[in-house]
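If you want the building blocks of each chain, they are given just below.
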Amino acid sequence: NYYYDPNDPSLVCGVSAMLGDYEKTVKEPIEPLSPSFPLFLFTDQERHIQNNNKNGTAWTRVLVNSSLWQEDCTRSEYIGARNNPCEQPFLFNVAKFYKMQF
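Residues numbered from 1 in each chain as written. Predicted model: local features only at pLDDT ≥ 70, side-chain atom pairs only at ≥ 80, totals over all residues. Heavy atoms only, no water.

### Some remarks on the nonpolar core
And then number 1: Ala17, Leu19, Phe42, Val64, Trp69, Tyr78, Val94, Ala95, Phe97 and Tyr98 together form the largest nonpolar core, which totals 10 residues.
And then number 2: The element best represented in this core is helix H3 (residues 91-99), accounting for 4 residues.
And then number 3: Excluding residues within four positions of it along the chain, Tyr98 makes contact with Phe42, Val64, Asn65, Ser66, Leu68 and Trp69.
And then number 4: In terms of nonpolar packing, the next biggest core, distinct from the first, is built from 5 residues, Met18, Leu39, Leu41 and Trp59 among them. (Core = buried A, V, L, I, M, F, W, Y, C linked by side-chain atoms within 4.5 Å. Buried < 20%, exposed > 50% of the residue type's maximum accessible area, 1.4 Å probe, protein only. Helix = DSSP H or I, 4+ residues; strand = E, 2+ residues; numbered from the N terminus. Contact = heavy atoms within 4.5 Å.)

### Quick look at the sheet that holds strand S2 (residues 39-43)
And then number 1: Spatially, 3 strands are ordered S1-S2-S3 in an open sheet, and the strand pairing comes out parallel. At either end of the open sheet lies a strand with only one pairing partner, and these are strand S1 (14-18) and strand S3 (59-63). Across the sheet, the axes of successive neighbouring strands diverge by a mean angle of 20°, strand direction being ignored.
And then number 2: Taken together, the 5 bridges between S1 and S2 define a ladder with parallel strand orientation. Within the sheet, the bridge partner assigned to Ser16 lies in S2 and is Leu41. (Pairing = 2+ DSSP bridges. Axes fitted to C-alpha atoms, helices over the stretch in contact; angles between N-to-C directions.)

### With respect to the environment of Phe40
And then number 1: Considering the arrangement of structural elements, one finds Phe40 in strand S2.
And then number 2: Sequence separation between Phe40 and Val15 is 25 residues; the distance between their C-alpha atoms is 4.9 Å.

### Here's the deal with the pattern of salt bridges
And then number 1: Using the criterion set out here, one finds 3 salt bridges in the structure.
And then number 2: One salt bridge in this structure joins Asp21 and Arg47, with 3.8 Å as the shortest N-O distance. One end of the pair, Asp21, is in the loop between S1 and S2; the other, Arg47, is in helix H1 (residues 46-50), and 26 residues separate them in sequence. (Salt bridge = Lys/Arg side-chain N within 4 Å of Asp/Glu carboxyl O.)

Here you go:
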């Protein structure tokens, strides 16, 4: 059984995805997170990874490509699923795929 312990911050993380050229910069939290928890940013833009060490960052940045979600395209339970990136490869659907992995 799953049990959420509010005193155990290891069960909480923040996830975001920046795909395509829409966003030019990664937004950092305005204030320090309290309590603190890890933040993960999935991006297909190498420039967001290269800027990872400038002025420090709250995000753990992960460079992704389409091969990760395309592996699921042949699974029968995935075919025909609403908003799946295989049949509707819009950036919103692809970003949602990465966020749903947590």
